[in-house]
Amino acid sequence: MEQGRKAIAILTVEDQIVDLNLGEGTGKVKKYLSFGDEKGREIYWHSTSHIMAQAVKRLFPEARLAIGPAIEEGFYYDFDLPETLSEEDLSKIEEEMRRIIQADIPFERLEVSKEEAEKIFGERGETYKLEILRELEEGVVSLYRQGEFIDLCRGPHLPSTGYVGAFKLLSVSGAYWRGKESNPMLQRIYGISFESEEELKRYLERIEEAKKRDHRRLGKELDLFSLHEEGPGFPFFHPKGMVVVNTLLDLWRKEHMKRGYQEIRTPIILEKSLWERSGHWEHYRENMYFTKIDEREFAIKPMNCPGGILVFQSRLRSYRELPLRLAELGVVHRHELSGVLHGLMRVRCFTQDDAHIYMEPKHIKSEIIGVIDLAGFFYRLFNFEYEIELSTRPEKSLGSDEMWEIATRALQEALEEIGLPYRVNEGEGAFYGPKIDFHLRDCLGRRWQCGTIQLDFAMPEKFDLSYIGEDGAKHRPVMLHRTVLGSIERFLGILIEHFAGALPLWLAPVQVVILPVAERHMPYAREVGDILLQKGIRVEWNEEKATLGAKIRKAELEKVPYLLIIGDREVEGKTISVRKRKEGDLGSFGMGTFLEKIQKEIEEKVAV
RNA sequence: GCCGGUGUAGCUCAGCUGGUAGAGCAGCUGACUUGUAAUCAGCAGGUCGUCCGUUCGAGUCGGAUCACCGGCUCCA
């Protein structure tokens, strides 16, 4: 247990987590848990959600309880309420919660038969609890009671409500019962709690700080991209944003060529019949845009695979070509629901760093491992932490059970062999095959899918793909769809937030700004900058009639990695004065030394 | 798409209970020629998201709509 923290629950020798009063004196205490432990925090937040629910029931007796778990940061509780909650209601609920905490009501664990529990919740009109109860297998269930409030809950909980030191309700939003769109929409209240006001204050400040890293804000401040009402979900890239994208893509191309990929490009608009054949018309229609040209129906591509397949089929393929890795920076359009658009992270038009690998079954594992390694190369380059998920067959899918079985196992084996931890998402795969996804986090800790590896036995079947084998006969290739960055737009968003806009030197849109102290220093400033420019360094001059301090401030706000100050001393000594972003004055350098220094830094792609 | 919120100058925001808009920063012009995060002064800039309605009169009230923000669902 962390020092200075109160014990709130107990981890037993059987690795069970139990209430403090139930574990004590049993001789089975392995460890006391506190707010400092992840599990302890979960209990703390979960208990706070019960306190909130109690307060809501007091203020709105007609509210029906749904569920109220702890989440990564804080907790929520879902209610079915006739009236809609406003921000003002939140402070009323907070007030009531304060009263409950003040009263220091004990959390009591009750174990009752399922029938008894049904009776209790039936009397209270808690229809959602009854629904949950009906699905429980156990004959005996646990309830937790604090005062007049009672909830179906596995527990454990804090000893009493008074344990909660500081809390805040953060927002109200809608949420479907059990996450299903067809179910009624409930009202969800989010909140967080801590042991002290101090910690709560620090948390809220951290959130405020994180918001300053928001790529939508930085994108505007740094003049990288913009979004307009005229094109919801269709981002516009500005000159500086394009420098970042193109620099990233230079490396992307270099790395892909090194790993045996060839680049192709396919059209954005293709005839509807192609999409009917691929299965997109059947499975993905609601996300697609359509148009008519000369009386023929066309679709704007939501994915690159059907177009890529036409390239594969453009001539007879030999086994000697396999695995054939065809990469495409494909621009796709998808009609996403209006409510989900989010800066560059979730858009309706984006560039996938796609590739399709056509191969023999024996190549599957090594190709998957190759892609995982390539993804790791890019993520490690920026010190990104990433999470891997394996998604299996969804309800709406094509292909045989056997195909799915083989494909899923291949992905699993590759993951096992590489030895990276991963999570399994049952039923979350693409309609044509199972997949491995790579998730990165934004400034507020929200996870975004970037890289993906999708094995596909279905598409080769549908398009009757074949290659001539060693035996001279036709064989069916296996296909792998994959992205590494995912969407260039989303990846840029993640990059901006990860570095808080201060992109590493090699990616920075402007790498060096030259600041003459006075107008008379301009000629030498130009001379110095031209030398850098000729060496491929991205240079700008600040020729404004402003003080040096003001020019420095401006460049620092633009997050330019290096500032060169040129005054009398520099002109005289044929030197430059170097100031590094965030670090300040590095002193005087000769041009040669400085050039060498930054060229090395660019070459090494240092991510700071 | 659904739930809740927001929408005033390029940006950040003010504008009380309805009487046709204001600040700081940015921009432009001028003066200052400046040594490591903001020199001073002046000027210019808005059909208050859009449409409809209530009213003698609407940024302010009502409705619709669009976009954005936070969630749900979905996904790269």
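Source: prediction; values computed, not measured.

1. Details of empty space enclosed by the protein
Tallied over the full model, the rule gives one cavity of 30 Å³ or more. The space that makes up the largest cavity amounts to roughly 40 Å³. As for the largest cavity, its lining consists of L398, M403, W404, A407, Y432, G433, P434, F457 and A458. The class makeup of the residues in the lining of the largest cavity is eight nonpolar, one polar and no charged.

2. Description of the packing of helix α12 (residues 364-381) against helix α13 (residues 401-418)
For the pair α12 and α13, interaxial distance at closest approach is 9 Å and the crossing angle is 55 degrees. As far as their axial angle goes, α13 and α12 are oblique. α13 is crossed by α12, and the crossing has right-handed handedness. Of the residues in α13, those touching α12 at I364, K365, I368, I369 and I372 are A410, L411, E413, A414, L415, E417 and I418. Looking at side-chain class alone, the contact of α12 with α13 contains nine nonpolar, no polar and three charged residues.

3. Examining the side chain of S226
Tracing the backbone shows S226 in strand β12 (residues 225-226). Of the polar contacts made by the side chain of S226, one reaches the side chain of H228; its length is 2.8 Å. Within the structure, S226 has its side chain in polar contact with the side chain of H238 (distance 2.7 Å). If near-sequence neighbours (up to four positions away) are discounted, S226 is found in contact with P235, F236 and H238.

4. Some points on the sheet that holds strand β3 (residues 29-33)
Across the sheet, three strands lie side by side as β2-β1-β3; this open sheet has antiparallel pairing. Edge positions in the open sheet fall to β2 (17-19) and β3, since each of these has one partner strand only. Sheet twist, expressed as the average angle between the axes of neighbouring strands with direction ignored, equals 35 degrees. Note that strand β1 (residues 9-12) and β2 share three bridges and pair antiparallel. Counted as the bridge partner of I10 is V18 from β2.

5. Some points on the protein's contact with RNA strand B
Around RNA strand B there are 56 residues in total, and R346, Q449, C450, D568 and S577 lie nearest to it. At 3.4 Å, a side-chain N or O of K220 approaches a phosphate oxygen of RNA strand B. Interatomic distance of 3.4 Å between a side-chain N/O atom of S487 and a base nitrogen of RNA strand B. Elements that contribute at least two residues to the surface near RNA strand B include exactly β10 (166-176), β11 (185-194), α7 (215-221), β19 (349-359), β23 (447-456), α17 (548-557), α18 (568-573) and β30 (576-580). The biggest single contributor to the surface near RNA strand B is α17, with seven residues. Residues of the surface near RNA strand B, tallied by class, amount to 20 nonpolar, 15 polar and 21 charged.

6. Some words on unusual backbone geometry
Glycine aside, a negative phi is what most residues show, and trans is what most peptide bonds show. In this chain, G155 is followed by P156 through a cis amide linkage whose omega measures -5 degrees. Cis geometry marks the peptide bond from L322 to P323, where omega comes out at -5 degrees. Considering the arrangement of structural elements, one finds P323 in the loop between α11 (305-312) and β18 (324-333). Of note in this structure, A500 is not a glycine but carries a positive phi near 50 degrees. Of note, A500 is situated in the loop between α15 (488-498) and β27 (512-516). Positive phi outside glycine occurs at K559, with the angle close to 60 degrees. On the basis of relative accessible area, K559 is assigned to the partly exposed category, the value being 25%.

7. Examining the environment of Y386
Mapped onto the elements of the fold, Y386 is located in the loop between α12 and β20 (387-391). By relative accessible area, Y386 is classed as partly exposed at 21%. Apart from the residues lying within four places of it in its own chain, the contact partners of Y386 are G376, Y379, R380, L420, F438, H439 and L440.

8. Things to note about the pattern of salt bridges
Going through the model one piece at a time under the given rule, you end up with 54 salt bridges. For E208, the salt bridge identified is with K211, shortest N-O distance 3.5 Å. Pair noted here: E208 and K211 are both in helix α6 (residues 197-211), with a separation of three residues, about one helical turn. Assessed through its relative accessible area of 45%, E208 is described here as partly exposed. Within the structure, one salt-bridge network assembled from shared partners comprises E72, E387, E389, R423, R441 and R447.

The rules we used
Residues numbered from 1 in each chain as written. Chains lettered and ligands numbered in written order. Predicted model: local features only at pLDDT ≥ 70, side-chain atom pairs only at ≥ 80, totals over all residues. Heavy atoms only, no water. 1 Å grid on protein atoms, 1.4 Å probe; cavity = no way out; pocket = protein on both sides within 12 Å on 5 of 7 lines; lining within 4 Å. Points joined across faces, edges and corners; volume = space filled by probe spheres on them. Nonpolar A, V, L, I, M, F, W, Y, C, P; charged D, E, K, R; others polar. Axes fitted to C-alpha atoms, helices over the stretch in contact; angles between N-to-C directions. Helix = DSSP H or I, 4+ residues; strand = E, 2+ residues; numbered from the N terminus. Parallel < 35°, antiparallel > 145°, perpendicular 65-115°, else oblique. Left-handed = near helix turned anticlockwise from the far one by under 90°. Contact = heavy atoms within 4.5 Å. Polar contact = N/O pair within 3.5 Å; in protein donor to acceptor, adjacent residues only side chain to side chain. Pairing = 2+ DSSP bridges. Near = heavy atom within 4 Å. Buried < 20%, exposed > 50% of the residue type's maximum accessible area, 1.4 Å probe, protein only. Salt bridge = Lys/Arg side-chain N within 4 Å of Asp/Glu carboxyl O.

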